[in-house]
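Structure at a glance
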Amino acid sequence: MIRKKIDCHTHIVNSKIRDEYFSRTDGYAVVMQFPDVLSKGIVDEDSLNTVNSDRRLFYSPCIDISKEIPPQLKNIEEIIPKCPVVGLKIFLTYQAGKADDDRMLCIYEFARTHGLSVTFHTGSCSLVLPTANDMEGSRAVYIKNMAEKFPEVNFIAAHMDDPRFDECIQVMHGHDNIFTDFSGAYEPGTKEGADMQWAIDTFAKAINQYPDTYKQIVYGTDFCPPINLSAIDEYEYTISKIFTPDKFEDIYWNNCLRAFPKIKEYIGA
């Protein structure tokens, strides 16, 4: 059983979700805030207070790219001294835009200044949340352009750019500041949710393109039962089938700390 564990992608955005999550697993978790435009009427969003209620949680506030960005960054800057902020979240696909759009540059400058990591939703979306369905805009290749421009910032292409798994890994190769996960895969109604073995084989094929890809894979579940993302054990099973036991500490812990170095300040690692 893995004891040292950081779930790098959750939506533990209220106390009810927090209690359910920690009744089923342990370790630490990064909480990705929802923008109101996605969560309103679907999920009770109270992520800031929830993170501050539990020392096992870290905060990744979202940037709503449909709105003016600098005022949002100013608000986050005011939060940083009062909350364990470790990253920022951008909901590509759901919201139209590319990671390398000029209007995004201020986000990465902010991340560099404050030592934060930037997580992007890439690829297919939840079956229950509203979306612009900008699949092209969320391609990992645009993230690569920013990873090269901002080598001090870590970027996480969440969901392995589903279904462009092979392409995502190819983009990551040779870029040590890009990470990915396969969180959110086991949503009911998806191909992965219907056929776990197919998902495992597909993820493994992409990851095994290069022998060192495991150093850039982080553990994540996307846990958020209100939007039908309740899987936890499924991800641990998937990891056990794709990676050999000597890689587990990297996937669950070491890579997570490299992807989100700010976490070290809060756990004394």
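Use the structure listed above.
Everything in this summary refers to the structure shown in the same document. What you are looking at is a predicted structure, and each value in this text was computed from that prediction instead of being measured.

Describing the overall build of the protein
A count of helices and strands for the protein gives 12 helices and eight strands. Computed over C-alpha atoms, the radius of gyration of the protein comes to 17 Å, within 12% of the 18 Å expected from 2.2 N^0.38 for 269 residues, which places it in the range of a compact globule. Its C-alpha atoms give the protein principal-axis dimensions of about 45 × 40 × 40 Å. Looking at the protein as a whole, 58% of its 269 residues qualify as buried. Within the protein, counting contacts between residues at least 6 apart in sequence, those at least 24 apart form 73% of the total.

Here we look at the packing of helix 10 (residues 233-242) against helix 11 (residues 248-259)
The contact between helix 10 and helix 11 brings their axes to 9 Å, and the two run at 130°. Here helix 11 runs oblique to helix 10, going by the angle between their axes. Packed against helix 10, whose contacting residues are E236, I239 and S240, the element helix 11 presents F248, I251 and Y252 at the interface.

Digging into the pattern of salt bridges
Close approach of charged atoms allows side chains of opposite charge to pair. Under the definition given, this model contains 15 salt bridges. A salt bridge links E109 to R112; the shortest N-O distance between them is 2.6 Å. Pair noted here: E109 and R112 are both in helix 5 (residues 105-114), with a separation of three residues, about one helical turn. Judged by relative accessible area, R112 falls into the partly exposed class, the value being 32%. A salt bridge links E265 to K262; its shortest N-O distance comes to 3.4 Å. Residue E265 is classed as exposed on the basis of its relative accessible area, which comes to 57%. Classification of K262 by relative accessible area gives buried; the value is 15%. Connected through salt bridges with shared partners, the residues K5, D26 and E236 form a single ionic network.

Here's the deal with the packing of aromatic side chains
Considering all chains together, one arrives at 16 aromatic pairs under this definition. Seen in terms of ring centroids, Y21 and F223 are 5.2 Å apart; in terms of plane orientation they differ by 65°. Their pairing is edge-to-face. Highlighted residues: Y21 in helix 1 (residues 15-24) and F223 in the loop between helix 9 (196-207) and helix 10, separated in sequence by 202 residues. Residue F223 is classed as buried on the basis of its relative accessible area, which comes to 0%. The interplanar angle of 75° and the centroid separation of 5.3 Å between the aromatic rings of F165 and F203 together place this pair among those described as edge-to-face. Pair noted here: F165 is in helix 7 (residues 165-172) and F203 is in helix 9, with a separation of 38 residues, a long-range link. Each of the two residues, F165 as well as F203, counts as buried. Three or more aromatic residues joined by ring pairs make a cluster, and in this case those are Y28, F58, W253 and Y266. The cationic tip of R56 hangs over the ring face of F22; the distance from NZ or CZ to the ring centre is 3.6 Å. One cation-aromatic arrangement involves K98 over Y142; the distance from NZ or CZ to the ring centre is 5.5 Å.

A look at the sheet that holds strand 5 (residues 87-90)
Overall, parallel pairing links the five strands, which are arranged 4-5-6-7-8 in an open sheet. Two strands close off the open sheet at either side, each with one partner strand: strand 4 (62-63) and strand 8 (178-180). Examined bridge by bridge, strand 4 and strand 5 share two bridges and lie parallel to one another. Residue pairing for strand 5: I63 is matched across the bridge by I90. Lying over the sheet, helix 5 contacts strand 4, strand 5, strand 6 (117-121) and strand 7 (155-158), oriented at roughly 160° with respect to strand 5.

Topic: the sheet that holds strand 1 (residues 6-10)
Here three strands make up an open sheet; going across it, the order is 1-2-3 and the pairing parallel. On the outer flanks of this sheet lie strand 1 and strand 3 (57-60), each paired with one strand and no other. On average, each strand axis in the sheet is inclined to that of its neighbour by 20°, with strand direction left out of account. Relative to strand 2 (residues 28-32), strand 1 is paired through three bridges, and the arrangement is parallel. Following the sheet pairing, D7 is matched in strand 2 by A29. Packed on one face of the sheet, helix 11 meets strand 1 and strand 2 and runs near 65° to strand 1.

Reading guide: rules and limits
- Residues numbered from 1 in each chain as written.
- Predicted model: local features only at pLDDT ≥ 70, side-chain atom pairs only at ≥ 80, totals over all residues.
- Heavy atoms only, no water.
- Helix = DSSP H or I, 4+ residues; strand = E, 2+ residues; numbered from the N terminus.
- Rg over C-alpha atoms; globule rule 2.2 N^0.38 Å.
- Buried < 20%, exposed > 50% of the residue type's maximum accessible area, 1.4 Å probe, protein only.
- Contact = heavy atoms within 4.5 Å.
- Axes fitted to C-alpha atoms, helices over the stretch in contact; angles between N-to-C directions.
- Parallel < 35°, antiparallel > 145°, perpendicular 65-115°, else oblique.
- Salt bridge = Lys/Arg side-chain N within 4 Å of Asp/Glu carboxyl O.
- Phe/Tyr/Trp six-rings, centres within 6.5 Å; stacked < 30°, edge-to-face > 60°.
- Lys NZ or Arg CZ within 6 Å of the ring centre and 35° of its normal.
- Pairing = 2+ DSSP bridges.

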